Number of protein chains: 4
Amino acid sequence: MLETTTEFRVRYAETDQMGVVYHTNYLIWCEVGRTDLLRQLGATYAELEKRGVYLAVAEVGVRFLAAARYDDLIRVRTTLSKARSRAVRFAYVLENAETHEILARAETDLICLDREGSPRKLPAALKALLQSAADGATGEGTIGTNAGVDVVADA
Amino acid sequence: MLETTTEFRVRYAETDQMGVVYHTNYLIWCEVGRTDLLRQLGATYAELEKRGVYLAVAEVGVRFLAAARYDDLIRVRTTLSKARSRAVRFAYVLENAETHEILARAETDLICLDREGSPRKLPAALKALLQSAADGATGEGTIGTNAGVDVVADA
Amino acid sequence: MLETTTEFRVRYAETDQMGVVYHTNYLIWCEVGRTDLLRQLGATYAELEKRGVYLAVAEVGVRFLAAARYDDLIRVRTTLSKARSRAVRFAYVLENAETHEILARAETDLICLDREGSPRKLPAALKALLQSAADGATGEGTIGTNAGVDVVADA
Amino acid sequence: MLETTTEFRVRYAETDQMGVVYHTNYLIWCEVGRTDLLRQLGATYAELEKRGVYLAVAEVGVRFLAAARYDDLIRVRTTLSKARSRAVRFAYVLENAETHEILARAETDLICLDREGSPRKLPAALKALLQSAADGATGEGTIGTNAGVDVVADA
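Residues numbered from 1 in each chain as written. Chains lettered and ligands numbered in written order. Predicted model: local features only at pLDDT ≥ 70, side-chain atom pairs only at ≥ 80, totals over all residues. Heavy atoms only, no water.

(A) Molecular detail of the sheet that holds strand β4 (residues 87-96) of chain D. Spatial ordering of the open sheet is given by β1(C)-β3(C)-β4(C)-β5(C)-β2(C)-β2(D)-β5(D)-β4(D)-β3(D)-β1(D), a layout of ten strands whose pairing is antiparallel. The outermost strands of the open sheet, each flanked by one partner alone, are β1 (3-9) of chain C together with β1 (3-9) of chain D. Put simply, the sheet's adjacent strands are angled 25 degrees from each other on average, direction ignored. Both β1(D) and strand β3 (residues 73-83) of chain D contribute to a ladder of seven bridges, which runs antiparallel. Paired with D:T5 across the strands is D:R77, a residue of β3(D). In this fold helix α3 (residues 124-134) of chain C packs onto β3 (73-83) and β4 (87-96) of chain C, with an angle of close to 115 degrees to the strand it touches most, β3(C). (Pairing = 2+ DSSP bridges. Helix = DSSP H or I, 4+ residues; strand = E, 2+ residues; numbered from the N terminus. Axes fitted to C-alpha atoms, helices over the stretch in contact; angles between N-to-C directions. Contact = heavy atoms within 4.5 Å.)

(B) Quick look at unusual backbone geometry. At B:H100, a residue that is not glycine, the phi angle is positive and equals roughly 65 degrees. Along the chain, B:H100 falls in the loop between β4 (87-96) and β5 (102-113). When its relative accessible area of 51% is taken as the criterion, B:H100 is described as exposed. Positive phi, normally seen in glycine, also occurs at C:D71, with a value near 75 degrees. Mapped onto the secondary structure, C:D71 falls in the loop between β2 (54-64) and β3. (Buried < 20%, exposed > 50% of the residue type's maximum accessible area, 1.4 Å probe, protein only.)

(C) Focus on the pairing of β4(D). All names here are of chain D. Where burial is concerned, most of β4 is hidden: ten out of the ten residues are buried. The side-chain alternation of β4 yields two buried faces, one formed by A87, R89, A91, V93 and E95 and the other by V88, F90, Y92, L94 and N96. Two elements, β3 and β4, share nine bridges in a ladder whose sense is antiparallel. Following the sheet pairing, T79 is matched in β4 by A91. Between the end of β3 and the start of β4, which pair antiparallel, lie three residues. Summarising the sheet, β4 and strand β5 (residues 102-113) pair through nine bridges and their orientation is antiparallel. Paired with R89 across the strands is D109, a residue of β5. What sits between β4 and β5 in their antiparallel hairpin is a turn of five residues, with H100 showing a positive phi close to 65 degrees.

(D) Quick look at the relation of the copies chain D and chain B. The transformation that overlays chain D on chain B combines an axial shift of 0.0 Å with a rotation of 180 degrees, and the residual RMSD is 0.0 Å. Here the copies are linked by what is in effect a two-fold axis. A shared binding surface is used by both copies, with 100% of the interface residues of chain D retained as interface residues in chain B. (Least-squares fit on C-alpha atoms with pLDDT ≥ 70 in both.)

(E) Main features of the interface of chain D and chain B. Opposite the nine residues of chain D that make contact, chain B presents nine residues. Considering only the surface of chain D that becomes buried against chain B, D:Y12, D:Q17 and D:Y22 emerge as the three largest contributors, covering 60% of it. Counting the contacts that link chain D with chain B gives zero salt bridges. Its residues assigned to classes, the side of chain D that touches chain B shows five nonpolar, three polar and one charged. (Buried area = accessible area lost by both parts, 1.4 Å probe. Salt bridge = Lys/Arg side-chain N within 4 Å of Asp/Glu carboxyl O. Nonpolar A, V, L, I, M, F, W, Y, C, P; charged D, E, K, R; others polar.)

(F) View of the nonpolar core. Grouped together as the largest cluster of nonpolar side chains are 98 residues, with contacts concentrated most on A:L80 and B:L80. Of the residues forming this core, the biggest block, nine residues, is contributed by helix α1 (residues 24-41) of chain B. By size, the runner-up hydrophobic cluster in this structure holds 96 residues, among which are C:L38, C:A43, D:F8 and D:Y54. (Core = buried A, V, L, I, M, F, W, Y, C linked by side-chain atoms within 4.5 Å.)

(G) Spotlight on α3(C). Residues and elements named next belong to chain C. Among all positions in α3, only L126, L130, A133 and A134 are buried. Summarising the axial view, the buried residues of α3 lie within an arc of 95 degrees, below the 170-degree limit, and thus occupy one face. Turned more than 90 degrees from where α3 packs its buried face, A124 and A125 sit exposed. Packed against the buried residues of α3 are α1 (24-41), α2 (45-50), β3 and β4. Among the residues trailing α3, G136 stands out with phi positive, at a value near 95 degrees. (Arc of directions from axis to C-beta.)

(H) Region of the structure containing the confidence of the model for chain A. Put simply, chain A has an average pLDDT of 90, and 88% of its residues get 70 or more. For this predicted complex, the interface score ipTM comes out at 0.89, while the overall pTM is 0.91. (pLDDT = per-residue confidence, 0-100.)

(I) Inspection of the packing of aromatic side chains at higher detail. Within the structure shown, the criterion is met by 28 aromatic pairs over all chains. By way of ring pairs, the aromatic residues A:F8, A:Y26, A:W29 and A:F64 are connected into one cluster. Sitting over the face of the ring of D:F8, A:R11 holds its NZ or CZ atom 5.3 Å from the ring centroid. (Phe/Tyr/Trp six-rings, centres within 6.5 Å; stacked < 30°, edge-to-face > 60°. Lys NZ or Arg CZ within 6 Å of the ring centre and 35° of its normal.)

(J) Layout of helix α1 (residues 24-40) of chain A. All names here are of chain A. For α1, spanning 17 residues, the distance from its first C-alpha to its last is 25 Å, which sits close to the expected 24 Å at 1.5 Å a residue. For α1, the tally of buried residues reaches 15 of 17 residues, placing the bulk of the element in the interior. Backbone geometry just downstream of α1 places G42 in the positive-phi region, at approximately 90 degrees. (Expected span 1.5 Å × (residues − 1).)

Shown next as structure tokens:
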């Protein structure tokens with residue numbers, strides 16, 4: 001199973017008055033990880049959109065475990081946990097790259113849309129590529145069913 | 001069970017190049033709904049923080065059902081679905097206020113922290129107030145266990 | 001000269017760890033004011049884009065005078081200070097709607113683009129409408145030349 | 001004069017429905033550049049805040065010259081153009097790191113505040129450090145008076 005690693009520092013704009021990162025920014029970081037995983041597969045998402053293949057977020061689940069702070073070095077570890085005909089699930093572990101503390105676990109389900117925003121199948125070659133990257137993933141989600149978050153039961 | 005209604009228009013800044021609202025903004029709208037529910041209860045969150053009571057997001061689950069677009073009038077319907085000693089769950093239905101189309105369903109679990117960021121109990125009076133607002137809620141979550149998203153099994 | 005007034009509360013997401021609103025959000029609020037001014041003129045910006053008229057921000061100047069805080073009620077007073085063939089200047093006064101304290105003064109220059117992102121002239125009817133709204137504006141900018149910020153000398 | 005270079009890719013979250021980066025994100029990128037310049041000087045801003053030295057944005061001016069797009073590699077070149085007792089001016093050139101196209105020029109004026117948000121002087125050592133970095137800067141601003149944007153005439 002392919003795991004892509006992305007690192008960057010927390011921006012001041014991402015903090016809130018609690019002195020930590022505002023929670024929705026974790027999901028933007030997941031987007032950055034997802035973009036990098038696709039790039040590593042040789043299928044940049046920017047290119048996919050040019051070819052009329054859009055991946056829209058259909059469901060998200062995030063469990064926040066520790067606070068990220070301004071200027072912290074963040075590492076996002078992204079995996080592709082499921083690739084079906086019309087949907088793809090990514091899983092993410094967000095950690096502090098210096099202390100190795102785990103900050104959050106997340107999953108996102110994306111569905112494939114065409115230029116008009118209607119559901120479509122993933123192109124066969126892309127689906128095969130994504131499935132190879134997901135190979136070995138349990139498809140059960142990093143968060144797990146016991147924890148209660150299973151972002152799409154059957155995408 | 002108390003349900004608070006909040007309305008506002010989609011900002012251009014909230015759109016992305018897919019021509020629709022970028023998904024994490026739905027969670028910011030949930031924050032607006034949550035703020036308004038607390039205000040309606042007579043316990044503004046701004047005031048809570050001044051008294052050393054912080055509510056930090058511990059888990060989120062969102063199911064995206066339809067796209068919101070620039071300048072759409074959005075309605076957030078917020079309920080308090082569970083209030084425990086140290087945690088509170090809010091549920092949200094986001095809809096287009098003009099077409100009544102449901103855009104998303106979401107849940108967020110928040111835990112109570114003190115000024116230093118350590119877990120603490122909700123003040124007794126606040127807990128009673130929140131429980132009265134949650135009264136009649138099933139505590140099962142609007143999204144439901146069948147749908148797979150139950151953001152915190154046991155907060 | 002037409003002045004449009006817009007009010008809303010500060011979102012938690014808009015604060016930063018200094019305990020106040022992160023500065024770029026003031027410019028997003030200006031966008032909200034601008035949208036409302038166009039709506040009041042009967043020319044919603046959403047509709048303009050559908051007709052192939054895009055207004056892109058070409059220059060901004062903001063002077064920050066006082067901090068906005070979470071849950072503050074903000075008032076944006078927007079005026080159209082100049083309307084030319086290919087460019088429009090808006091001026092903004094941001095204030096706390098409860099204390100009447102002025103938070104910031106801003107100007108933005110927008111240029112007219114077509115669907116492909118190339119410069120184009122404003123449609124004649126739109127230009128006339130905008131000029132009527134700007135009527136009586138000095139065209140010198142609320143910030144003024146002495147203050148040093150004149151966002152576009154000759155748009 | 002010290003010039004710091006920062007590079008990163010455009011996030012999908014930063015785009016808007018015009019298909020380009022929403023303009024206020026350029027100012028967030030300036031914040032990233034400013035943070036990196038201070039780090040390069042050996043005075044991380046995170047550390048400054050811990051010592052009670054806050055730099056708050058008092059004025060900004062940005063001239064947008066070309067569109068940045070999703071996944072573009074952005075380069076921010078940051079310089080410190082003026083360091084006074086109570087205020088600092090940074091200047092920025094934002095460019096596409098692959099095509100070298102200049103996307104925007106910006107200036108920001110920051111004033112020094114204490115923990116309570118009151119104006120204070122920069123600590124002498126910090127002021128000396130900043131002045132050494134600004135050494136050789138014209139103090140006239142990269143945008144220049146002819147262009148009309150001079151974000152603070154006399155900070």
